[in-house]
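Here is how the chains run, residue by residue.
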Amino acid sequence: MKADLVVDAKGLACPMPIVRTKKAMDTLQSGQVLEIHVTDKGAKNDLSAWAKSAGHEMIDMIEEGDVLKFWARKA
Amino acid sequence: MKKRVAIIAANGGLFDAYKVFNIATAAAATEAEVAIFFTFEGLNLIHKEAYKQLPLPEGKEQIQQGFAQANVPSIPELVGMAQEMGVKFIACQMTMDVMGLTKEHFVDGIDVGGAVTFLDFAKDADITLTF
């Protein structure tokens, strides 16, 4: 999937993946797609909950070994 | 309208600090308006010197290594991040008077206020937490 911006939050613990994701999302325009890479297992639910409460659309999530990759479209 | 999160920080250990600042930064990252009222031992969490070396619970000192291994940010880093994201810090005036502390003892950018200052913010809060 083509992303407008990629956030590398691998190796970071809560709440850093969310903080990095929020900051990156702030730089995008509505409709653009953010790709997020994390290794924090808690982020799996956290990022979905974050997207929901911030109103962004979580498009997809895949696991590649230890890395979780998310794609979210800005509201 | 933005969600509003009101937090009372009344304890001054390292665990308390993580509970307070992780929730606060996560809430701010989720577009919430966040204020923390620091009272009694909670003032340690924003004290310029104390917040660099907050105590672990007795008998749990070995957990210090766990924090480093899990790549958890330091408390000063979390405090800076929280402020950068607009989290409002209110230090309790009464506690400061009792403990002989002034605004200069604390990190920059804090407000000093009484219980009513916090209550005025908290009365419209969607979530209120005490640590």
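Residues numbered from 1 in each chain as written. Chains lettered and ligands numbered in written order. Predicted model: local features only at pLDDT ≥ 70, side-chain atom pairs only at ≥ 80, totals over all residues. Heavy atoms only, no water.

In the nomenclature of an unreviewed UniProt entry, chain B corresponds to NADH dehydrogenase from the organism Anoxybacillus flavithermus.

Chain A has the name TusA-related sulfurtransferase in an unreviewed UniProt entry, where Anoxybacillus pushchinoensis is given as its organism. Taken directly from UniProt, the Sequence similarities (unreviewed entry) text for chain A runs: "Belongs to the sulfur carrier protein TusA family." (UniProt positions renumbered as here; feature names shortened; annotations may be inferred.)

**Here we look at the packing of aromatic side chains**
What characterises a pair of aromatic rings is the spacing of the ring centres plus the angle enclosed by the ring planes. Residue and element names in this part refer to chain B. Scanning all chains against the criterion turns up six aromatic pairs over all chains. Taken together, a centroid distance of 6.2 Å and an interplanar angle of 55 degrees make the contact between F15 and F67 tilted. Highlighted residues: F15 in helix α1 (residues 14-29) and F67 in helix α2 (residues 63-69), separated in sequence by 52 residues. Residue F15 is classed as partly exposed on the basis of its relative accessible area of 24%. (Phe/Tyr/Trp six-rings, centres within 6.5 Å; stacked < 30°, edge-to-face > 60°. Helix = DSSP H or I, 4+ residues; strand = E, 2+ residues; numbered from the N terminus. Buried < 20%, exposed > 50% of the residue type's maximum accessible area, 1.4 Å probe, protein only.)

**Points about the nonpolar core**
Residue and element names in this part refer to chain B. The biggest cluster of nonpolar side chains holds 57 residues, and the ones touching the most others in it are F21, V34, I36, F38, I46, I75 and F89. The element contributing the most residues to this core is α1, with nine residues. Sequence-distant contacts of I46, defined by excluding residues within four places in its chain, comprise F21, F38, Y51, F89, A91, F106, V107 and I110. Counting residues in hydrophobic clusters, the runner-up holds eight residues, among them A6, F37, I90 and F118. (Core = buried A, V, L, I, M, F, W, Y, C linked by side-chain atoms within 4.5 Å. Contact = heavy atoms within 4.5 Å.)

**Section: unusual backbone geometry**
A cis amide bond links C14(A) with the next residue in sequence, P15(A), at an omega value of 5 degrees. By the secondary structure assignment, P15(A) is in the loop between β1 (5-9) and α1 (16-26). Positive phi outside glycine occurs at F40(B), with the angle close to 45 degrees. Within the secondary structure, F40(B) sits in the loop between β2 (33-38) and α2. If you check the backbone angles, N71(B) has positive phi at about 60 degrees while not being a glycine.

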